[in-house]
Amino acid sequence: MKKFDDTRRCVDIVLYANDLYADITNRLTLTADSMEAQAVNADLHTVKDVIDDGNKEIIDNLVARHVFDCVNLLYPYSKTPIERCKHNRESKNEAEAYIIHLTFERPRSETSIQLLQRLIHDYIVYKCYAEWLAITVPQAGTYTMWEGKAESVREQIVTALVLPYDARQLQIRPHWY
């Protein structure tokens, strides 16, 4: 999943599209089943059919957009472009895996990199999940909870990036717009 160089400063985080689709699909199926049990008046088959033929392109675009959002979030460490996506052999438009190359100033531990990869994965899944719920069942309002969870994970990503630094070495720079 991850490749390190000898100094543990350069890391490749690989996000497999099938893993992301599986997590999104499983969550949406569980959500549709629970809404069915609660007798919610909604067309719940659209909630479950996230990777069907017509919907696959929509979820591909959502996943790609949120991967690039994560690359922007990781900017100080991911200054290299994300042009290294592995594409599916049958379809050049569909990515098989997204590879995010990170370069750190200091060595990182294996556990901090695993945590970062898991947080990035969860952020993408939560954002796609929330957007799909907002599209298919906006009247339920459950998507707002998942948007909040995605923002919480986003904050955890930022925290995980600065954890190995001493307070004296952090330079806080205000954003000037």
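This report concerns the structure included in the present document. Keep in mind the model is a prediction, meaning the values are calculated, not measured. (Residues numbered from 1 in each chain as written. Predicted model: local features only at pLDDT ≥ 70, side-chain atom pairs only at ≥ 80, totals over all residues. Heavy atoms only, no water.)

**Points about the packing of aromatic side chains**
Right, on to step 1. The tally for this structure, following the rule as stated, stands at three aromatic pairs.
Right, on to step 2. Relative to Trp146, the ring of Tyr126 lies with its centre 5.4 Å away and its plane at 50 degrees, an arrangement referred to as tilted. Pair noted here: Tyr126 is in helix α4 (residues 110-136) and Trp146 is in helix α5 (residues 143-162), with a separation of 20 residues, a long-range link. Each member of the pair, Tyr126 together with Trp146, is buried.
Right, on to step 3. With 4.8 Å between their ring centres and 85 degrees between their planes, Tyr129 and Trp146 make a pair best called edge-to-face. With Tyr129 in helix α4 and Trp146 in helix α5, this pair connects stretches of sequence that are 17 residues apart. For the pair shown, Tyr129 and Trp146 are each scored as buried.
Right, on to step 4. In textbook terms, an aromatic cluster arises when at least three aromatic residues are bridged by ring pairs, as seen for Tyr126, Tyr129 and Trp146. (Phe/Tyr/Trp six-rings, centres within 6.5 Å; stacked < 30°, edge-to-face > 60°. Helix = DSSP H or I, 4+ residues; strand = E, 2+ residues; numbered from the N terminus. Buried < 20%, exposed > 50% of the residue type's maximum accessible area, 1.4 Å probe, protein only.)

**Remarks on the environment of His66**
Right, on to step 1. Residue placement: His66 occurs in helix α3 (residues 53-73).
Right, on to step 2. Residue classification places His66 among the buried positions, given a relative accessible area of 3%.
Right, on to step 3. Considered as a pair, His66 and His121 are 55 residues apart in the sequence and their alpha carbons are 9.9 Å apart.
Right, on to step 4. Among all residues touching His66, those that are not within four sequence positions of it are Tyr123, Ile124, Lys127, Cys128 and Glu131.
Right, on to step 5. A polar atom in the side chain of His66 sits 2.8 Å from the side chain of Glu131. (Contact = heavy atoms within 4.5 Å. Polar contact = N/O pair within 3.5 Å; in protein donor to acceptor, adjacent residues only side chain to side chain.)

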